[in-house]
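Per-entry structural report
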Amino acid sequence: MIGDKLILQPYHLPPAREIFNRIADKKEDKRMAITIAGESGSGKSTLAIALKKVCDENNIPAFIFHMDDYFYLPPTSNHIQRLEDINHVGTQEVNMQLLQSHINQFLDGEEFLEKPLVHYKENEIRTELVDLNQIGMIIIEGTYTTLLDNIYCKIFMSRNYRETLANRINRNRDPISPFMEDVLEIEHQIIKKHRELAHILVDNDYKVYVNE
């Protein structure tokens, strides 16, 4: 997503390295897909960036797919739709079928892929052509990505939206308002059920656990 500002912090790298080591020990010489799910402000995007950095350092080029790029409507338009009907909030806002198709194409050896790309400030959905020839791993981050198939490892950020208020304020991407807190509560009720589907959990202190 163009226009979303993220800053990688040192504390993001240790869990990324631990996750990479768990994955690398079993990685075969073929493409692999990883998901990172969690609520708003939980650290999905920054962990994805940290994991990509660790992969690149270990000669496994990685590419990040952001679920936000796959919303049917650009950000401002989607927010207006939510204001008109809060029941719009949920997986139905996202073209999960297209995202799944792109994951499958990558795993099947596709060389190039044209994917959506959201320009946040311009409230537009554009496209970008991704060269997959050298990519060994894709990292798909987003609220509902645990629901995707053909995923080698599903990671879940345990912090909920109440615990991430400070992060959301610092990120300054979405307005902090009673309505948005209602939206996040709806998302919370949906995504908390996905935790049990994950293979790895990352807690409030960025410690990594196998989900048993």
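Before reading further, recall that the structure is shown in the block above.
Below is a summary of the structure that appears in this document. Quick caveat, the model's predicted, so the values are computed rather than measured. (Residues numbered from 1 in each chain as written. Predicted model: local features only at pLDDT ≥ 70, side-chain atom pairs only at ≥ 80, totals over all residues. Heavy atoms only, no water.)

**Thoughts on the packing of helix α3 (residues 75-84) against helix α6 (residues 178-191)**
- Packing of α3 against α6 brings their axes to within 11 Å, and their N-to-C directions diverge by 90°. Accordingly, the angle class assigned to the pair α3 and α6 is roughly perpendicular. Residues H79, R82 and L83 of α3 pack against F179, M180, V183 and E187 of α6.
- When grouped by side-chain class, the residues that make up the contact of α3 with α6 number 4 nonpolar, 1 polar and 2 charged. (Axes fitted to C-alpha atoms, helices over the stretch in contact; angles between N-to-C directions. Helix = DSSP H or I, 4+ residues; strand = E, 2+ residues; numbered from the N terminus. Parallel < 35°, antiparallel > 145°, perpendicular 65-115°, else oblique. Contact = heavy atoms within 4.5 Å. Nonpolar A, V, L, I, M, F, W, Y, C, P; charged D, E, K, R; others polar.)

**Brief notes about the packing of helix α1 (residues 13-24) against helix α2 (residues 44-57)**
- Interhelical geometry of α1 versus α2 gives an angle of 55° and a closest axis separation of 8 Å. The orientation of α1 with respect to α2, classified from their angle, is oblique. For the element pair α1 and α2, the recorded crossing hand is right-handed. Taking contact as the criterion, the partners of L13, P15, A16, R17, I19 and F20 in α1 are, on α2, L47, A50, L51, K53, V54, C55 and E57.
- Looking at the contact of α1 with α2, its residues break down into 10 nonpolar, no polar and 3 charged. (Left-handed = near helix turned anticlockwise from the far one by under 90°.)

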